[in-house]
Amino acid sequence: MWNPSKLNLNKKIPAFAGMTIMNIKNYINGQFENPINNEWLDNYCPANGEVYGILPNSSKDDVENAYIAAQSAFPIWSQTTIEERSRILIKISELIEANLQRFAEAESKDNGKPIGLAKSVDIPRAASNFRFFGNAITQFASESHESIGQQAINYTLRQPIGVVGCISPWNLPLYLFTWKIAPAIAAGNCVVAKPSEVTPMTAYLLGEICTEAGLPKGVLNIVHGLGTTTGQAIVEHPDIKAISFTGGTATGAHIAKVAAPMFKKLSLELGGKNPNIIFADCDYQDMLKTTVRSSFSNQGQICLCGSRIFVEATIYKRFKKDFVQKVKQLKVGHPSEESTDIGALVSKSHLEKVLQYINIAKQENGTVLCGDNKVTLKDYENGYYLEPTVIEVITDDCRINQEEVFGPVVTIMPFNYDDEVLQMANKVKYGLSATIWTNDLKRTMRMSNQIQAGIIWVNTWMLRDLRTPFGGVKASGVGREGGFEALRFFTEAKNVCVKY
């Protein structure tokens, strides 16, 4: 714990000009508040390993206050016109875009991701989330069914649930935070939200934006703290009626265990161990460029990264040589530098976890083709940097191929037949996404149909349309986000039958 009275609020981190250590607060009922228990957590900068701020270690009492604010706001917000809700969401989007640089610097500093990635992907996508759902709610229609011969008509109402809980992870902090909040409030709900305690900064800034955009008090409440305390209080709250969670599979299983007896609606977007299947007939150069990106974007800390690369045997040697060469060219550097390809991992403990998995792979006869070394940057010797690592494995059932590493580490191995690689692709407990590289239409359709995953990319990666359903199967989650699927999750269907 950290005592705010001992904090040097004027201390600056040189690589992030003009940014000082900050005292983050909860955002409840439109106001920024200290935690009731006055307990605080350190907030670390991954680039140099230093504490640069504090955030609330919120208790059950803070969550209760957030719930009371949300519940008080719900009757009016749920009856607010769709046009007014849409206007406010789009205004939030515009304000995020107007503050792009500020948000990107905060995201990069808080998470360790390259500033270029934050500016080009993460923050624009957060703005797009609000704009998309601000527009989508105006087009969200329900059904009616005429019962011919019975002189009756059935119509379906889609009504907001009430107060809902949204819990998001550290890898895409604002991107995934808004991916939940935007459809929830668009549908007329009020929200108690918890960002990751590892990356709280842009969620904190979002509170300022929402106030400026005219979002009514209590519609969105942001409570900071640990998953075991703050998150647990949200999940087990008897009157929070739905939980949307993105994070680890083990945590998702715990949430399901707590929420199921309380009959809460659940959306769980969990882990992935995604196959990247490369056939000899692919567009080789496009595949090679995209595979480097799909392996190491955001330091490999994206649930959709292709961490298991299977290559058809006839091009395997060529791919191995070319892929390793390109990976070695990636620049590991300070997140604030525009030329950086690989920034810092999110925390010291996560860096140690990734290194442990590399050692496990070597113990299981994996061959490290490049990487496997921590990187020390001048003036930032305590930062959490790791070389992008490629490991050649001889069997698909080794631990490095079965368990989620969530770092800049991929495995490669050859295959000979379609059925062989299909079996390897499916032989994990996860089923989030898969990428297929081929120009054979029949193979594309067959593989896409038989791979056990919620998302399939063919000859591309991370090409997203926000109208499409997003989510996985098996241990990768329950339910779907995105488009009208998200609006359906955040509403309850009520059928009305009228005889005339």
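For the structure itself, consult the block above.
On a predicted model such as this, the values are computed, not experimentally measured, just so you know.

K.L.:
How do you make sense of the pairing of strand β12 (residues 265-269) when you look at a structure like this?
P.N.:
Note on strand geometry: in a regular strand, side chains alternate between the two faces of the sheet. In terms of residue burial, β12 counts as a mostly covered element, since 4 of its 5 residues are buried. Two strands pair when backbone bridges link them, and strand β11 (residues 242-246) and β12 are joined in this way by 5 bridges, in the parallel orientation. Counted as the bridge partner of F245 is L268 from β12. Relative to strand β24 (residues 477-478), β12 runs antiparallel, the two sharing 2 bridges. Bridge assignment links L268 to a residue of β24, and that residue is V478.

K.L.:
Explanation requested: empty space enclosed by the protein in the structure shown.
P.N.:
In this approach the atoms are scanned with a rolling probe the size of a water molecule, which exposes any empty space left behind. If you walk through the whole model with that rule in mind, you get 4 cavities of 30 Å³ or more. Put simply, the largest cavity is a space of about 110 Å³. G300, I302, C305, S307 and F406 are, among the 16 residues lining the largest cavity, the residues nearest its centre. Approximately 80 Å³ is the volume attributed to the second largest cavity. Lining the second largest cavity, in full, are R125, L172, Y175, L176, W179, I302, C303, L304, M462, R464 and F470.

K.L.:
How should helix α9 (residues 284-296) be read in this particular structure?
P.N.:
The terminal C-alpha atoms of α9, which comprises 13 residues, lie 18 Å apart, in line with the 18 Å expected from a rise of 1.5 Å per residue. Along α9, the residues classified as buried are Y284, M287, L288, T290, T291, V292, S294, S295 and F296. Looking at the buried side of α9, the elements it contacts are β13 (275-278), β14 (308-312), α10 (313-328), β18 (389-392), β19 (409-415) and β21 (433-437).

K.L.:
So what exactly am I meant to see when it comes to the pattern of salt bridges here?
P.N.:
Any two side chains of opposite charge can pair if their charged atoms end up close together. The full count for this structure, using the stated rule, is 20 salt bridges. Across the salt bridge formed by K378 and D379, the nearest N and O atoms sit 3.8 Å from each other. Taken as a pair, K378 and D379 share a single burial class, namely exposed. For D418, the salt bridge identified is with R446, shortest N-O distance 2.6 Å. Taken as a pair, D418 in helix α13 (residues 418-426) and R446 in helix α14 (residues 441-450) lie far apart in primary sequence, 28 residues in all. Through salt bridges with shared partners, a single ionic network connects D281, D418, R443 and R446.

K.L.:
When you look at the layout of surface pockets in this model, what are you seeing that I'm missing?
P.N.:
Within this model, the largest pocket holds a volume of roughly 870 Å³. Lining of the largest pocket is provided by 35 residues; of these, W170, F245, G247, G248 and T251 occupy positions nearest its centre. The set of elements that each furnish at least two residues to the lining of the largest pocket consists of α7 (227-236), β11, α8 (249-259) and α11 (348-363). Among the residues making up the lining of the largest pocket, the classes are represented as 13 nonpolar, 15 polar and 7 charged. The computed volume of the second largest pocket comes to approximately 520 Å³. Taken together, 25 residues make up the lining of the second largest pocket; nearest its centre are L117, V121, R293, S297 and N298. Sorting the residues of the lining of the second largest pocket by element identifies α4 (115-136) and α9 as the ones contributing at least two each. Counted by class, the lining of the second largest pocket contains 14 nonpolar, 5 polar and 6 charged residues.

K.L.:
How should I be thinking about a nonpolar patch on the surface in this particular structure?
P.N.:
Taken together, the side chains of I153, Y155, V498 and Y500 present a nonpolar region at the surface, about 350 Å² in accessible area. Mapped onto the elements of the fold, V498 is located in strand β25 (residues 491-499). Residue V498 is classed as partly exposed on the basis of its relative accessible area of 35%.

Thresholds applied
- Residues numbered from 1 in each chain as written.
- Predicted model: local features only at pLDDT ≥ 70, side-chain atom pairs only at ≥ 80, totals over all residues.
- Heavy atoms only, no water.
- Buried < 20%, exposed > 50% of the residue type's maximum accessible area, 1.4 Å probe, protein only.
- Helix = DSSP H or I, 4+ residues; strand = E, 2+ residues; numbered from the N terminus.
- Pairing = 2+ DSSP bridges.
- 1 Å grid on protein atoms, 1.4 Å probe; cavity = no way out; pocket = protein on both sides within 12 Å on 5 of 7 lines; lining within 4 Å.
- Points joined across faces, edges and corners; volume = space filled by probe spheres on them.
- Expected span 1.5 Å × (residues − 1).
- Contact = heavy atoms within 4.5 Å.
- Salt bridge = Lys/Arg side-chain N within 4 Å of Asp/Glu carboxyl O.
- Nonpolar A, V, L, I, M, F, W, Y, C, P; charged D, E, K, R; others polar.
- Patch = residues over 30% accessible without salt bridge, like charges linked within 9 Å, V, L, I, M, F, W, Y side chains within 5 Å.
- Areas by Shrake-Rupley, 256 points an atom, 1.4 Å probe, with all protein chains shown as cover.

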